[in-house]
Amino acid sequence: MAVLKIENLIKDYGALRAVNKVSFEVHSGEVFGLLGPNGAGKTSIISTITTLEKPTEGTITINNLDVTRHERATKAVTGVVPQELVTHGYFNVEEILTFQSGYYGLRKNKEKIHSLMQQLELWSHRHKKIRHLSGGMKRRLMIAKALMHSPQLLLLDEPTAGVDVELRYSIWEQVRDLKKAGVAILFTTHYLEEAEKLCDRVAIIHEGKIQKQGETKELVRKLTSRHLTITLKNKVEYSHPALINQQDNTLEFRVPYSTKIGQFLSELNFRNDNILDMKIREGTLEEAFKYVLNRGEM
Ligand SMILES: Nc1ncnc2c1ncn2[C@@H]1O[C@H](COP(=O)(O)OP(=O)(O)OP(=O)(O)O)[C@@H](O)[C@H]1O
Ligand SMILES: [Mg+2]
């Protein structure tokens, strides 16, 4: 079921078209990755979903309700972790989470507040003023705030930027748990390895336009190749259209996903007793991303 539906979204800032006819959906129980270089338009898309910015054209619905006409109802089911950390320096962690509950009309919410503080390892910092928290702790607090009202749609704008390894893993775990619980998650990141691990589907966006979108694995298969590296006992003079690199006795081939490795090996026709070592490396989302951006294709 599509929780978030964006159709032909355009966002102009004066003469600048930051988002150009973007369409995608995020379904319940799915992590959708929005990937693109700095200035591609990712945060602008998120700002229009949360009605911080008005769309120039196009529609955005959450549970089939237009966000510009049903602001209250759509906000009530949406949680946001913004890219820029917003803080209220003079309050402490527990107070901030209590206020957040209040904004959503949730009273007697102590249990949830305590459980989120524990989950996000904020418990021992609960009496600290926000301005005394480290960057990573502030990030945890932002996540706790976003989850306070158990949203059906979670918008995470670079939640793992500048966080340590431990917090990164704990954010991944949270995302996976929320996904299992049926939450629809929109995730932006510059870490393509992370996107490859977490996102069921991704859209690669450049200069406001979606260049490619689809299932993560499927895109990698379509846009990249496997690399087969063979080390031989004895050097041979060899030429083959798929050979992309040769160093001494080591040869590297690019093998499309459509070609079976076994068939490829028999084509190469090396003597088995001349093969010392063999490695296959799968294509990566990072390679697919670079390929799309370099070609700037539609
Ligand atoms: N409020 C604004 N007013 C004018 N221009 C803006 C505004 N917000 C963003 N822009 C411009 O719109 C374009 C898209 O910016 P946006 O923040 O959406 O990119 P992004 O993909 O989130 O980038 P990053 O990876 O750096 O966070 C950029 O050229 C940016 O300068
Ligand atoms: Mg951004």
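The structure we're discussing is the one just above.
For every chain, the first residue of the written sequence is number 1, and numbering continues from 1 along that sequence. Here every chain gets a letter starting at A, and every ligand a number starting at 1, in the order they are written. The predicted nature of this model means local features are confined to residues of pLDDT at least 70 and side-chain atom pairs, given and counted, to a pLDDT of 80 or more, with totals for whole chains, interfaces and linings taken over all residues. For the side-chain quantities, the full set of heavy atoms in the structure was used; hydrogens and water were omitted.

A. Inspection of the coordination of the magnesium ion (ligand 2) at higher detail. Note on the magnesium ion (ligand 2): its protein donors are Thr43 (OG1) and Gln83 (OE1). The metal-donor distances range over 1.9 to 2.2 Å. Residue Thr43 is found in helix H1 (residues 42-49), and its partner Gln83 is found in the loop between strand S6 (78-81) and helix H3 (93-103); the two are separated by 40 residues along the sequence. Only N, O and S atoms count as donors, using a 2.8 Å cut-off from the metal and 3.2 Å for Na, K and Ca, and because water is excluded some sites may appear unfinished. By definition, any uninterrupted DSSP run of H or I lasting at least four residues is a helix, any uninterrupted run of E lasting at least two residues is a strand, and each is numbered from the N terminus.

B. Expanded view of helix H5 (residues 135-147). Multiplying 1.5 Å by the residue count of a helix minus one yields the expected span of that helix. Along its 13 residues, H5 runs 19 Å from first to last C-alpha, staying within 8% of the 18 Å computed at 1.5 Å per residue. Here H5 lies mainly inside the structure; 12 of its 13 residues are buried. Categorising residues by exposure relies on relative accessible area from a 1.4 Å probe, with only protein chains included: less than 20% of the type maximum marks a residue as buried, more than 50% marks it as exposed, and the intermediate range marks it as partly exposed. Every buried residue of H5 is accounted for by Gly136, Met137, Lys138, Arg139, Arg140, Leu141, Met142, Ile143, Ala144, Lys145, Ala146 and Leu147. Along its buried surface, H5 packs onto S6, H3, helix H4 (110-119), strand S7 (153-157) and helix H6 (165-180). Two residues form a contact once any of their heavy atoms are found within 4.5 Å.

C. Seen up close, the packing of aromatic side chains. Only Phe, Tyr and Trp rings take part, Trp by its six-membered ring, and two of them pair if their centres are within 6.5 Å. Stacked means planes under 30 degrees apart, edge-to-face means over 60, and tilted covers everything else. Inspection of the entire model under this criterion finds six aromatic pairs. Their ring planes at 5 degrees and their centres at 4.8 Å tell us that Phe24 and Phe32 sit as a pair that is stacked. Phe24 gets classed as buried once you look at its relative accessible area, which sits at 3%. Relative accessible area serves as the criterion here: at 0%, Phe32 is assigned to the buried category. Their ring planes at 45 degrees and their centres at 4.8 Å tell us that Tyr238 and Phe270 sit as a pair that is tilted. With Tyr238 in the loop between strand S11 (225-232) and strand S12 (243-247) and Phe270 in the loop between helix H9 (261-268) and strand S14 (275-281), this pair connects stretches of sequence that are 32 residues apart. Within the aromatic cluster, the residues linked to one another by ring pairs are Tyr238, Phe253, Phe264 and Phe270. A positively charged side chain is recorded as over a ring if its NZ (Lys) or CZ (Arg) lies within 6 Å of the ring centre. The angle to the ring normal must also be within 35 degrees. The ring of Trp123 has Arg126 lying over it, and the distance from NZ or CZ to the ring centre is 3.8 Å. Here the basic side chain of Arg168 rests over the ring of Tyr191, its NZ or CZ set 4.1 Å away from the ring centre.

D. Fine view of the nonpolar core. Among the nonpolar cores identified, the biggest contains 46 residues, and Val93, Leu97, Leu141, Leu154, Val175, Ile185 and Leu285 are the most heavily contacted of them. In terms of residue count, H5 provides more of this core than any other element does, seven residues in total. Setting aside its immediate chain neighbours within four residues, Leu97 contacts Ile113, Met117, Leu141, Ala144, Lys145 and Met148. Only buried residues count toward a nonpolar core. Its members are Ala, Val, Leu, Ile, Met, Phe, Trp, Tyr and Cys residues joined through side-chain atoms within 4.5 Å.

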